[in-house]
Every structure is written in structure tokens, then in C-alpha cells.
Amino acid sequence: MCYVLSPSNGAETSIAASTTSRGWLPLVLNASSPVICSAPQVENGNFLPPWTHYNFEDMIYTICNPGYMLESHKHSSKWTKDGWSPYPKCLRKECDFPHIENGALSWSNTYYSDVSFPKKVGQIIGFKCNHGFLARNKKHWDRIKCTNFGWDPEPRCYKQCIPPKQLPHGHVTYDSGSNFIDGDNISFNCDMGYYPEHHSPIATCRNSDWFPTLSCVSTGKHHLAKLTIWESFHFASKTSFSSSTRI
């Protein structure tokens, strides 16, 4: 309910104004007669400052309870000639249709997406990754849940890395049946007399391949490579010194 303050004695007179599901009905304001209105009714939320009456152009800040969100997505509302703008209304949070790169939802959720979404908080759905991709659980299928913060876990498909079945002069160490996705590491051991070509016995899955390459080289090649580098440096230094010496 809104009131008009009499400029002579300050008495309150109610005026024909009421609320709807969208807020207050428009009022015709008179500059000589200030209008004050009651606080809005916010279900499933609270607002500040919690006054009983508000003047023209007063502002409030609304926060919805957990599991709810503001219909306008704006926390601040102002009292205008049309009422509270935007009107503070808290709605149950929902999750929209998730677009999954290199994957898809179940057939029913995809085909009937126009009526199946948005999902309410607490609902669970499944999705599948395309060939060559895996979900975070290292499987082709996974389930996601609609929460107050959106889908959990985030529906995403990662490229899969296949560990080599055989490693010349060495062997890869991992549990049989294990799956690997981007960011996962794998370790390997070289046979006696051999060393990892890139000095580290660990490789990382990146873009469906292993980096650095899993490879074992013999001790002789390892030593020869070091010797060749030293000889090249020594020869270059000697040549540089000779070219700068006057004859």
C-alpha cells in the first residue's frame, strides 16, 4: 500500500495502488504531495535496508536464499513511478541445456530438449563422449547434477591417450585397464644399459599424444651424444680464437 503525505499537516492518505505478481501498479505522482510506499514482499529472499516505508527513488539490495536466483539477475532495485524497478523476485535456480564439445546428452534429453530443460536443482542427467574422448571419470559415460552453482561436475570430454603396448629396451608402468586423458602422466623404465632419451622417465598426455616421446637410448649413444656436443663446442671455440689471432 502507498500513501500520500499532506503538505499541510503531514497526515497519511491511502491511494489506489496495489501490487501484482510483477510489482506495484503505476502511480501518478504529485510533486507537492510526497508518496511513501510499503516494503516489497520477497519470498525466498531478503533485502536491505529493511525499512517499513520507502520514499521515491529509494534503493534496496536483494539477496535470494540458497537454491534461488533473482528473476532480473540484478540485486539492486529502485522505487520509481512504476513501482520497484526491477521488482525483486526470487525464483528456483535451474540449469540450462549443456552444450558438450566432443560429446552429447542422452537421446531423450537431446531430442526433447525444448521441453526437458531447464532442469531443477537436484536433477541428474547423463552424457556420453565421442570415440577417442573420455569424461573426467576416465569413462565414456558420466553423470552430472544440477546444483546452485550450475552443472557439477562440468560436462566435458577430454582427448584420450593410449599408452604404448611395447617400448623398445624398456617397459611402461601402469595398471592394466587404466585410461589416460589430457594432463595425466605415465612413467616408464629403461633396461640395463639404456637411459630415457629426454632424461625424464615421465611423459604427459597432451592432445592425444605423449610428451616427451617415450624412448630409451643406449648408454653408448648417450655418451656419444655428449661427446659430440663437447667436441663441436671445443672446435668452434678453437676456430673463433684462431680467426681473431693476428699472423
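Okay, so let's go over this structure. (Residues numbered from 1 in each chain as written. Predicted model: local features only at pLDDT ≥ 70, side-chain atom pairs only at ≥ 80, totals over all residues. Heavy atoms only, no water.)

1. Description of the sheet that holds strand β14 (residues 103-105)
The cut-off we apply is this: DSSP calls a pair of strands paired once it identifies at least 2 bridges connecting them. Here a helix means four or more residues in a row that DSSP labels H or I, a strand means two or more in a row labelled E, and each is numbered from the N terminus. Axes, fitted as lines to C-alpha atoms, cover a helix only where it is in contact. Angles between the N-to-C directions of the axes lie from 0 to 180 degrees.
Reading across the sheet, the four strands line up as β14-β16-β18-β19 and stay open at both edges, with antiparallel pairing between neighbours. A strand with exactly one partner marks an edge of an open sheet, and here the two such strands are β14 and β19 (150-152). The average undirected angle you get between the axes of adjacent strands in this sheet is 35°. Here strand β18 (residues 141-147) runs beside β19; their pairing, made up of three bridges, is antiparallel.

2. What to know about the sheet that holds strand β26 (residues 209-211)
Strand order across the open sheet formed by four strands is β21-β23-β25-β26, with antiparallel pairing between neighbours. Of all strands in the sheet, those bounded by a partner on one side alone are β21 (170-173) and β26. Between one strand axis and the next, the sheet turns by 35° as a mean value, whatever way the strands run.

3. Some thoughts on unusual backbone geometry
Definition in use: Working definition: with a 1.4 Å probe on protein chains only, accessible area under 20% of the residue-type maximum means buried, over 50% means exposed, and in between means partly exposed.
Between L48 and P49 the backbone carries a cis peptide bond, its omega angle lying at -5°. Residue placement: P49 occurs in the loop between β6 (45-48) and β7 (53-55). Omega for the peptide link from S85 to P86 comes to -10°, which places this bond in the cis form. Relative to the helices and strands, P86 resides in the loop between β11 (83-85) and β12 (90-92). The phi dihedral of N44 falls on the positive side, at around 65°, and the residue is not glycine. Along the chain, N44 falls in the loop between β5 (35-38) and β6. On the basis of relative accessible area, N44 is assigned to the partly exposed category, the value being 32%.

4. Describing the packing of aromatic side chains
Selection rule: Aromatic rings from Phe, Tyr and Trp, with only the six-membered ring used for Trp, were paired whenever their centres fell within 6.5 Å, and each pair was classed as stacked if the ring planes differed by under 30 degrees, edge-to-face if by over 60, and tilted otherwise.
Taken as a whole and judged by the stated rule, the model has nine aromatic pairs. Their ring planes at 80° and their centres at 5.2 Å tell us that Y54 and W84 sit as a pair that is edge-to-face. Taken together, the residues span a long stretch of sequence, with Y54 in strand β7 and W84 in strand β11 at a distance of 30 residues. As far as the burial class goes, Y54 and W84 line up, both buried. Relative to Y112, the ring of W107 lies with its centre 5.9 Å away and its plane at 90°, an arrangement referred to as edge-to-face. Residue classification places W107 among the exposed positions, given a relative accessible area of 59%. With relative accessibility at 40%, the residue Y112 sits in the partly exposed group. Through pairs of rings, three or more aromatic residues link up here, namely W51, Y54, W79 and W84.

5. Observations regarding the nonpolar core
Applied cut-off: Working definition of a nonpolar core: buried Ala, Val, Leu, Ile, Met, Phe, Trp, Tyr and Cys residues. They are joined through side-chain atoms within 4.5 Å. We call two residues contacting when some pair of their heavy atoms lies within 4.5 Å.
Formed by 13 residues in total, the largest nonpolar core has its most connected members in L105, I125, F127, C129, W151 and C157. Elements with a contribution of two residues or more to this core: β16 (124-129) and β18. Ranked by residues supplied to this core, first place goes to β16 with three residues. Not counting residues up to four positions away in its chain, the partners in contact with W151 are C95, D96, P98, F117, K119, Q123, I125, I144, K145 and C146.

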